[in-house]
Amino acid sequence: MGVIMGHEPNGKPGWPKTVKEWLFTLDHKVIGVWYLIGSIASFAVAGLAAMLMRIELGSIGPDITGDGNVYNLWLTMHGAVMILGFQIPALLGFVANYAVPIMIGAKDMAFPRVNAMSVWLLWSGILLALANLVIPDHFNGMWTGYPPYSTSDAAGNTALYSLVVIVLGMSSVFGAVNLACTVAFMRCKGMGWFQMPMTAWCVFTANIIQLIFVPVLAASVLLLSLDRYLGFGFYNPETGGDVLLYQNLFWFYSHPAVYVILLPFMGIIFEIFSASAKNMVFSYKATVFAVLAFIPAGGDVWVHHAFVAGLPDWLRVLQSFTTLLISLPFGLLMLSLVGTLYKGAIRYSGPMIWALGAWVMLIFGGLTGIPNALSSIDYGISDSYVVMSHFHYVMAVAGTMATFGAVFYWFPKLTGRICNEFLTKLSGITFFIGMNVVMAPLYFAGIEGMPRRYMDYQQFADNPTIVNAQYWSTIGAYITFLAVLLMLVAWIHGMLKGKKSSQNPWGSQSLEWTSAALIAGQGNFPSPVEVVEDWHPYNYIDNPKPTYITVASNS
Amino acid sequence: MKIKSLSYKALGALLALPLIPTLAYAFQMEIATKNNYEGLTPQAHWNEMWSEVMWDITIIGAIYFAIALFFLFRYRRTEHNQVGKSPKLSAQAIIGWVVLPCMLFLGDDLFLFVKAFDLHNQMREVPAHAQTIKVTASMWNWNYDYGNGVDTDNELRVPVGKPVVFRMTSDDVIHSHYLNGYHVTEDVMPGRVTWEWIMPVKVGESVITCREYCGANHSRMYGKLIVMKQANYDAWMVSALADAKAESGHRIASTTVGKAIKNIAASKINKGQEG
Amino acid sequence: MSEEIKHYTAHWHTSPFPMMVGFGTGLFLPWAFMLQFNYEQPTAALVCLVIGAALGIAGGLGWAGETIGVIDDEGWSPSAMFMFIGTEIMTIGAILAGYWVMRLGAPVWPPADTPTIDASIPLIATIILVVSSITIGLARKREMEGDSSGFVKMVLLSIVIWGVFMVMVISDWNHLASEGFTIGVNAYATALYGLTGIHMAHIVIGLLVMLTCLPSALKGRMSFSYTRAMTMYVHFVNSLGLWVLLQVYYW
Ligand code: HEA
Ligand code: HEA
Ligand code: CUA
Ligand SMILES: [Cu+2]
């Protein structure tokens, strides 16, 4: 392919050098890095909260706190920050902003200023959320914030919760509009919709879901604050309101939200699989349609989070069925993932290990969603550790491994260097083992009846399954902690001492690897890219090369 | 070309075979009616269904991983410049790879759904002769009202062999009444009456816990379900009735631990209203 | 034209304004709300409100100043606005859903303790409001003719119309409140103040949007695509006003 830009990472400027250029940046790559920093910081904080929770839960009785409010603060922070501060910004912020524009051959996002505003809104939201740890009257109503608890004084600062969600929602909506326009209008010359990388498709679809559903979440939490502070009565049964309205509105967004997380990391797994196996994505077009199918399929299943909330029986049964139907598009994606390996030439690179771990846990987590989806089975396991284990498998293990896999995968573009392969693999495998030791025992504890959001479980003291599961789970959390440290070491080492990367270390066909390894400025490509109709990001056999349209230099 | 797409079709047709018995089973299954559960309690039915679901997803997972592991091993990159050689799929092949798997997945979904629906019907239809107990939740207490002036806190006594239905509401925030071993959970909230029912068949004790987050002492909001022989139950009820008479007028108010919620006026909620 | 991003330049473009808007609205305004309502610290709340509003407005003006008529925009703003309005419709839809749940679930409507509500002032206010759709359309026409002072006049006229609407609605609220029909009285009050209030919030945002394009227009700089998007928003807020009127007062 030849070096196109002549900007190998040879000490030439890669990132902005001045504080002003960093802070006031309008460039999507720098903004993407801001998203990444924000989300990794969130992960660290929320992960440390998880460590505290695990230590507390390791044995019966108060270990490090006897105060329910303190535990509930940790748990609220853990759930909310992991989802809203880590997963969504890492995927729809970092991946969407950093990688997608380069992957589709664009020079930037469609609205660079809106993009900058979105990232600062995100940071505002994260700062607000972290303030919860230090303010008096902290909010402890969990990430779901159900009224009437959350509209009572016992919940603490409800306004903080509503506003964090609204600010992050604004950030998401502006980001989503921006990305949708970018994908729609700024694909490079000649790139048709069906020549887009899977990551671009998945992020695009996830953003469409955001556009449709985030506003409903924002409205639902807005009404919480209106109720609590201004005396409105939307959720107050005494003045004709309904406590269940909140749950319907909340889950109307927050179920699709799990696909907002799922799809981009699925896209990353596709990306890494295809590049590692040097193979076409299996039945690419059908896969794209399966991705799009998540928009309608995810929209009419929210009641499965409220199977035991006193809603009418017919609604439970109906949405139990619609929930099961999600196994169709999901199954097609899984099929396509394994099909991508078929007759491939798989190289087990560092990112591939992370992606493999993500993929295995994805199947685990997806399949454990099935019992939850059966309304009558859910009567026995709702709000128990079974559910907790299910969503940690999909989100905290699969999602997190794919997200960090993406960081390892695009590390050469970010820094011009490659992380040490051994450290990458070691941290990946440790993380995988650690999280399995955390979550597998808890599944069995859940079957025995262990409910969620408990700081203590003395009522189950004579149940050895639960007691042992909690113990082993805490051990697993230490292993995970170690894995995260190893990963951070791998990144820092890679950043400072890593091997200089060639332009296309993974041998991918996607456009981002036709630009210099470390892009040294704004605009991404030396001149506009053009691809022909036969070009495909996953064609490894006879792909026509992308060309560069020469424009008269006038700078 | 032709032969290739034909062979895909043939392969697809084979894949559709398992669908036939699945669908046939799903549609022929008799939807059980209310009282047609000779000896099969809801909890036993639930356990049965649970192990079926577990088998189902384990088998799916195992098949998938068998294939995946084989591919991961078989298609390792052995030479430096090797690239993947997956066949270019014809349009029919792509459709085949979409429609047939979807049919299979749908078949399994239907199979599970119909069985779960059957269980749902059993769990959501109260036998006519069930005894009613009113449950009132508050932070952080379970109050059981037997309807005859007797009420208990965090201790529920029922006679063995008789179905019991709980009519539940809450004084303050949302709680969730979970009876361990009976696999029933139902949220309890202000402004509504929700219900669940159980069929106790074994004498003994089990744990009742709260399953919806309700504040600082959520994890301490638990009680005991005591299933008693009919005779013991009757004896207990007689003495409890006598106690209740003695304390007439002094109906023991639900003990409320910790901070009370100020902007939810508990008293206004019609406590005993049914349905 | 001056700032068009060249493909591949080692020069980084910067602008402080998006950050001002982001932190102003994302950090200071929330603090103002929390300090006022949760911590009951009006002075601190006021300080945060002033800082937040100043950052937001200054950021918006600066932003408009360095983009409208300066950067060759590619005309994507209307598409973006289209999507944004879609999300707005979902927000309103969620709140309306709450209203419908309350209303259809209520035994009698309006609830017994509701005074008779005089719908004539809201009706007149809304009719006045809708006139701004015409004036903003004219503004766009002036712009297309290249007449920047005509554009400014028409935008100003729309702003005045919206101002009149705000005054009328607020005085109507005062009137209702003086009859004892305050926010928390019953479900109807929740719906009435909730829906008209949310429409009012849109009016405020729309006013700010219209204001931001004035300074550059006064300097003769206009952006067809920006105005198009702005017009779409104005039409949307107007039809929202009509819809709220029908839902709350005439159903
Ligand atoms: C990324 C996140 C993510 C993803 C992808 C999913 C995916 C799914 N989830 Fe999960 N879920 C969560 C995150 C996620 N979930 C979270 C965070 C919660 C808890 C929220 C809270 O209360 O705090 C939750 C809770 C939750 C509940 C509520 C339980 C309760 O509170 O009582 C339910 C119930 O139906 C459910 C079901 C499902 C189903 C059916 C899927 C499906 O999408 C899975 C489909 C996948 C497969 C089935 C596997 C692959 C398919 C095949 C191999 C094909 C063949 C298979 C069959 C035919 C069965 N989830
Ligand atoms: C993406 C989402 C995500 C992720 C990644 C995780 C990750 C983890 N989660 Fe969590 N979890 C949720 C989302 C997530 N979780 C949600 C939504 C809930 C429900 C909340 C609710 O009920 O409302 C939940 C609830 C939850 C519970 C249930 C508590 C209860 O119900 O009582 C538990 C208990 O074990 C738990 C554990 C863990 C652990 C051990 C990890 C580990 O993977 C964490 C690993 C990370 C670390 C160990 C941090 C390491 C940090 C460093 C090394 C930092 C170094 C320091 C500096 C740089 C300063 N989580
Ligand atoms: Cu009551 Cu939790
Ligand atoms: Cu869900």
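Computed from a predicted model, the values in this text were never measured in an experiment. (Residues numbered from 1 in each chain as written. Chains lettered and ligands numbered in written order. Predicted model: local features only at pLDDT ≥ 70, side-chain atom pairs only at ≥ 80, totals over all residues. Heavy atoms only, no water.)

## Digging into a positive patch on the surface
Applied cut-off: Note on patches: the residues involved have over 30% relative accessible area and no salt bridge, like charges join within 9 Å, and the nonpolar side chains Val, Leu, Ile, Met, Phe, Trp and Tyr join within 5 Å. For accessible areas, the Shrake-Rupley method is used with a probe of radius 1.4 Å. Any residue's cover is judged against the shown protein chains and nothing else. Should a side-chain nitrogen of Lys or Arg be within 4 Å of a carboxyl oxygen of Asp or Glu, the pair is scored as a salt bridge. Think of it this way: Lys and Arg go in the positive column, Asp and Glu in the negative one, and His and the chain ends go nowhere. Just so you know, the charge point we use is NZ for Lys, CZ for Arg, CG for Asp and CD for Glu. For the purposes of this entry, the term helix denotes a DSSP run of H or I that reaches at least four residues, the term strand denotes a run of E that reaches at least two, and both are numbered from the N terminus.
On the surface, a cluster of positive charge is made up of A:Lys343, B:Arg74, B:Arg76 and B:Lys85. Structurally, B:Arg76 can be placed in the loop between helix 3 (42-74) and helix 4 (91-123).

## Side note on the coordination of the iron atom of ligand 1
Residue and element names in this part refer to chain A. Heads up, the condition is: Sodium, potassium and calcium take a 3.2 Å donor cutoff, other metals 2.8 Å, and in both cases only N, O and S atoms count; water is not among them, so sites may look incomplete.
There is one protein donor for the iron atom of ligand 1, namely His 390 (NE2), at 2.2 Å. Here the copper ion (ligand 4) and the iron atom of ligand 1 are spaced 4.4 Å from one another. Take His 390: it is sitting in helix 13 (residues 385-415).

## Details of the site of ligand 2
Residue and element names in this part refer to chain A. Test applied: We call a residue near a molecule or strand as soon as one heavy atom of that residue lies within 4 Å of the molecule or strand.
Not every one of the 35 residues close to ligand 2 is listed here, only the nearest: Arg 54, Tyr 71, His 78, His 392 and Arg 453. Counting only elements with at least two residues in the shell around ligand 2, the list comes to helix 2 (28-57), helix 3 (68-103), helix 13, helix 14 (421-447) and helix 15 (464-497). Counting residues per element, the shell around ligand 2 draws most heavily on helix 2, at 8 residues.

## Some remarks on the nonpolar core
Definition in use: Side-chain atoms within 4.5 Å link the members of a nonpolar core, which is a set of buried Ala, Val, Leu, Ile, Met, Phe, Trp, Tyr and Cys residues. A simple rule labels every residue: compare its accessible area, found with a 1.4 Å probe on the protein chains alone, to the largest value its type can have, and call it buried under 20%, exposed over 50%, or partly exposed in between. Note on contacts: a residue pair is in contact if any heavy atoms of the two residues lie within 4.5 Å.
By size, the foremost hydrophobic cluster in this structure holds 353 residues, and its most contacted members are A:Trp359, A:Leu362 and B:Leu156. Excluding its chain neighbours within four sequence positions, the residues that come into contact with A:Trp359 are A:Ile269, A:Phe273, A:Met334, A:Leu337, A:Val338, A:Leu341, B:Tyr64, B:Ala68 and B:Leu72. Ranked by size, the runner-up nonpolar core spans 5 residues in total, among them B:Ala130, B:Val165, B:Trp195 and B:Met199.

## Description of the coordination of the iron atom of ligand 2
Residues and elements named next belong to chain A. We count it as follows: Four donors are marked tetrahedral only if all angles between them lie between 85 and 135 degrees, whereas four are marked square planar and six octahedral if opposite donors are more than 155 degrees apart and the other angles lie between 65 and 115; the remainder are marked irregular.
Around the iron atom of ligand 2, the protein supplies His 78 (NE2) and His 392 (NE2) as donor atoms, at distances of 1.9 to 2.0 Å. Angles of 87 to 179° at the metal separate the 6 donor atoms of the iron atom of ligand 2, which places the site in the octahedral class. One end of the pair, His 78, is in helix 3; the other, His 392, is in helix 13, and 314 residues separate them in sequence. The exposure classification of His 78 matches that of His 392, with both residues buried.

## Considerations on helix 4 (residues 120-144) of chain C
Residues and elements named next belong to chain C. The cut-off we apply is this: A helix's residues, less one, multiplied by 1.5 Å, set its expected span.
Over its 25 residues, helix 4 runs 37 Å from end to end, which matches the ideal 36 Å to within 8%, given 1.5 Å per residue. Its buried side turned inward, helix 4 meets helix 5 (148-178), helix 6 (187-218) and helix 7 (224-249). Just downstream of helix 4, Gly 146 is the residue with a positive phi angle, here 80°.

## As for the interface of chain C and chain A
Where interface size is quoted, it is often the accessible area lost as the parts come together. To be explicit about the condition: Here the buried area means the combined drop in accessible surface, using a 1.4 Å probe, for two parts upon being joined, counting both sides. Any N or O atom pair separated by 3.5 Å or less is treated as a polar contact, with the protein-specific requirement of one donor-capable and one acceptor-capable atom, and with residues adjacent in sequence counted only for side-chain atom pairs. Under the scheme applied here, ten amino acids are nonpolar (Ala, Val, Leu, Ile, Met, Phe, Trp, Tyr, Cys and Pro), four are charged (Asp, Glu, Lys and Arg), and all others, including Gly, are polar.
Contacts between chain C and chain A engage 56 residues on the former and 80 residues on the latter. Together, the buried faces of chain C and chain A total about 5800 Å²; carbon and sulfur atoms form 75% of this surface. Our count for the contact surface shared by chain C and chain A stands at 1 salt bridge. Notably, a salt bridge pairs A:Arg113 with C:Glu66, separated by 2.8 Å at the nearest N-O pair. At the boundary of chain C and chain A, one finds 9 residue pairs in polar contact (both at pLDDT 80 or more). Looking at the side of chain C that touches chain A, the elements with two or more residues in it are helix 1 (17-38), helix 2 (42-67), helix 3 (77-105) and helix 6 of chain C. Class assignment of the residues belonging to the side of chain C that touches chain A gives a composition of 32 nonpolar, 20 polar and 4 charged.

## Quick word on a nonpolar patch on the surface
Together, C:Trp100, C:Leu104, C:Leu123, C:Ile127, C:Trp243, C:Leu246, C:Tyr250 and C:Trp251 give the surface a local cluster of nonpolar side chains, amounting to about 820 Å² of exposed area. Turning to its location among the elements, C:Leu104 is positioned in helix 3.

## Description of the pairing of strand 2 (residues 141-145) of chain B
Residues and elements named next belong to chain B. The condition that has to hold: A strand pair is defined by DSSP finding two or more bridges across the two strands.
Among the 5 residues that make up strand 2, 5 are buried, leaving the element largely enclosed by the rest of the structure. Examined bridge by bridge, strand 1 (residues 131-138) and strand 2 share 5 bridges and lie antiparallel to one another. The partner of Thr 136 across the bridge, within strand 2, is Asn 143. Between strand 1 and strand 2, which pair antiparallel and follow one another directly, the connecting turn spans 2 residues. Relative to strand 3 (residues 151-153), strand 2 runs antiparallel, the two being bridged by 3 bridges. Opposite Asp 145, over in strand 3, you have Asp 151 as the bridge partner.

## Remarks on the sheet that holds strand 7 (residues 184-188) of chain B
Residue and element names in this part refer to chain B. Here is the rule: Note on definitions: angles span 0 to 180 degrees between N-to-C directions of axes, and those axes are lines fitted to C-alpha atoms, for helices only across the stretch in contact.
Ordered by their spatial adjacency, 5 strands build an open sheet running 4-10-9-6-7, and the pairing between neighbours is mixed. Single-partner strands in this sheet number two, and they are strand 4 (155-159) and strand 7. Recorded for the sheet is a direction-independent mean angle of 20° between the axes of neighbouring strands. Pairing of strand 6 (residues 175-179) with strand 7 involves 5 bridges; the strand directions are antiparallel. Across the sheet, residue Tyr 178 finds its bridge partner in strand 7, namely Thr 185. Of the strands in this sheet, strand 4 and strand 10 (222-228) touch helix 5 (residues 230-246), which is tilted by about 130° from strand 4.

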